[in-house]
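Residues per chain, in single letters:
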Amino acid sequence: MPAAQDLPAAATDTTAVDTIVRLPPLRLDRSRQAAPQVADALREAIVAVDIVPGTVLSRTDLAEHYGVSQTPIRDALIRLGDEGLVDIYPQHATLVSRIDITSAQQAHFLRRALELEIVRKLAGLGVGVGEAAAAEALLKRLRAALRRQQAALEPHDLHEFAEADRSFHRELYVAADLAPLWDLVRSRSGHIDRLRSLHLPAQGKAEAVLRDHEAIVAALEAQSPAQAEAALREHLSGTLSFIDEICARYPDYVRR
């Protein structure tokens, strides 16, 4: 954990309380532990950059906002600290971390390596006995995710669009019987996902993402591993090629 003397000046940001108040309320599932649910809610807000880097996260304010005790808040913040999304300064403060470019690049490398293997595998579905039904079921789910993204473009609902984006990729892992690896990738992708959130509002970016997804589906439908790999490489290269531009526009959000 960082030492208190390393605490950035942003820790005194008086807008932190207002930021927390604007967060969506959390409907707790009482059959599950509260801490993972709080962690998921905070992760979503941090990844969407609804809570910007440098924001102070007060346990007291978060406990009041989410209607829980400080214990699950503490446990949730520790989990987010393990993911690199918050910096915890013992006995002082917890801040949303800056976006670490090196960590983002490493997460991108991991995800690209896994998903290239996944689309190669899924492009071969349908060639074996009993696989045709599985292939068609996958394509049906992916097309549903595409329709959800298309619908989100009309009101330009980028939160819904990003959620549909994640659903699309998760379906690939599930279909390849690698769902636990999706959870691993998600836990390591907070920095790259925040870069994507900053890039998504750019003119034409969301439309480009949708076109890339359509190309991946077309390749899987054609049962072409080479075409699927090429479409995925094109898709995942988008945000990283704009790192310098993103860093220049949001210098206080990043750490290089």
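Not measured: the values here are computed from a predicted model. (Residues numbered from 1 in each chain as written. Predicted model: local features only at pLDDT ≥ 70, side-chain atom pairs only at ≥ 80, totals over all residues. Heavy atoms only, no water.)

Caption draft 1: Inspection of empty space enclosed by the protein at higher detail. Counted by the stated rule, this structure contains 1 cavity of 30 Å³ or more. Size it by volume and the largest cavity reaches roughly 40 Å³. The wall of the largest cavity is formed by Leu-122, Leu-125, Ala-135, Leu-138, Leu-139 and Leu-220. Looking at the lining of the largest cavity element by element, the count peaks at 3 residues for helix α6 (residues 131-153). For the lining of the largest cavity, a count of residues per class yields 6 nonpolar, no polar and no charged. (1 Å grid on protein atoms, 1.4 Å probe; cavity = no way out; pocket = protein on both sides within 12 Å on 5 of 7 lines; lining within 4 Å. Points joined across faces, edges and corners; volume = space filled by probe spheres on them. Helix = DSSP H or I, 4+ residues; strand = E, 2+ residues; numbered from the N terminus. Nonpolar A, V, L, I, M, F, W, Y, C, P; charged D, E, K, R; others polar.)

Caption draft 2: Inspection of the layout of surface pockets at higher detail. Taken as a whole, the largest pocket encloses approximately 540 Å³ of empty space. What lines the largest pocket is a set of 28 residues, and nearest its centre among them are Ala-162, Asp-193, Arg-196, Ser-197 and Leu-200. Counting only elements with at least two residues in the lining of the largest pocket, the list comes to α2 (34-47), α7 (158-175), α8 (179-188), α9 (190-199), α10 (205-221) and α11 (225-236). Counting residues per element, the lining of the largest pocket draws most heavily on α7, which supplies 7 residues. Per-class residue counts for the lining of the largest pocket are 12 nonpolar, 7 polar and 9 charged.

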